Amino acid sequence: VQLQASGGGLVQAGDSLRLSCTASGRIENSGWFRQAPGKDREFVSAISARGSYVADSVKGRFAISRDNAKNTMYLQMNSLKPEDTAVYYCAVRIRDSWLSWVPEAYDYWGQGTLVTVSS
C-alpha cells in the first residue's frame, strides 16, 4: 500500500486546513499522526468500520473522514493553533479493523505533509 499525503501549508492561528491521504488501494483502517520538531510522533485521529476516534488535544477542532470511492482519507483541521505545527503523517493498519492510537499498530505510512501555524 502506498500513501500520499497532501494539503499542508503555512497558515495563521485560527485558520483551517484539510489534509488528504490517497492510497493505492482501499483504506479500511487508517489514522493520522503528527510529529513536531524534537517530539515523539503523536496520535491525532483514526477511522475504521468500527467508527472514529480523535485525540483529546484536537477534539472539537479536527475531524477525520474518508471517501472509499476515492481511496482517500481526510483530516479537516479548524481553529488551528501554533502548537498544531508539525509534520502530519497518514498511516494504514491492514491486520484488522480495531482503532489504535499507537504508531506501531500501523503497517504503512505516507511521507508526511508539513503544517505550520503562525501566531
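Draft legend 1. Region of interest: the sheet that holds strand β8 (residues 72-77). The four strands are arranged β1-β3-β8-β7 in an open sheet whose pairing can be described as antiparallel. The sheet is open, and its two borders are formed by β1 (3-6) and β7 (62-67), each paired with just one other strand. The mean inter-strand angle of the sheet, taken between neighbouring strand axes irrespective of direction, is 15°. With six bridges joining them, strand β3 (residues 17-23) and β8 adopt antiparallel strand pairing. Note that in β8 the partner of L17 across the bridge is M77.

Draft legend 2. Examining the pattern of salt bridges more closely. The full count for this structure, using the stated rule, is seven salt bridges. With its nearest N and O atoms 2.9 Å apart, the salt bridge here joins R34 to D84. Here R34, found in strand β4 (residues 30-35), pairs with D84, found in the loop between β8 and β9 (86-92); they are 50 residues apart in sequence, far enough to count as distant. The class of D84 is buried, set by a relative accessible area of 0%. A salt bridge links D84 to R61, with the nearest nitrogen and oxygen atoms 2.7 Å apart. Highlighted residues: D84 in the loop between β8 and β9 and R61 in the loop between β6 (51-54) and β7, separated in sequence by 23 residues. The class of R61 is buried, set by a relative accessible area of 11%.

Draft legend 3. Representation of the state of the cysteines. Going through the model one piece at a time under the given rule, you end up with one disulfide. A sulfur-sulfur distance of 2.1 Å marks the disulfide that ties C21 to C90. For the disulfide bridge between C21 and C90, the dihedral angle about the S-S bond is near 65°, and by the sign convention the bridge is right-handed. You can see C21 sitting in strand β3 and its partner C90 sitting in strand β9, a full 69 residues away along the chain. Summarising the burial analysis for this pair, C21 and C90 share the class buried.

The rules behind these values
- In this convention, every chain numbers its residues from 1, walking through the sequence in written order.
- Note on the predicted model: pLDDT of at least 70 is required for a residue's local features to be given, and 80 or more for side-chain atom pairs to be given and counted; whole-chain, interface and lining totals, by contrast, use all residues.
- Values reported for side chains reflect all heavy atoms of the structure, with hydrogen atoms and water molecules removed beforehand.
- Paired strands, as defined in this entry, are two strands with at least two bridges between them according to DSSP.
- Strands are runs of DSSP state E lasting at least two residues, helices are runs of H or I lasting at least four, and both sets are numbered from the N terminus onward.
- Comment: axis = line fitted to C-alpha atoms, over the contacting stretch for helices; angle = value between 0 and 180 degrees taken between N-to-C directions.
- Criterion for a salt bridge: a side-chain nitrogen of Lys or Arg within 4 Å of a carboxyl oxygen of Asp or Glu.
- Burial classes follow relative accessibility: with a 1.4 Å probe on protein chains only, a residue under 20% of its type's maximum area counts as buried, one over 50% as exposed, and anything between as partly exposed.
- In what follows, a disulfide is any cysteine sulfur pair within 2.5 Å.

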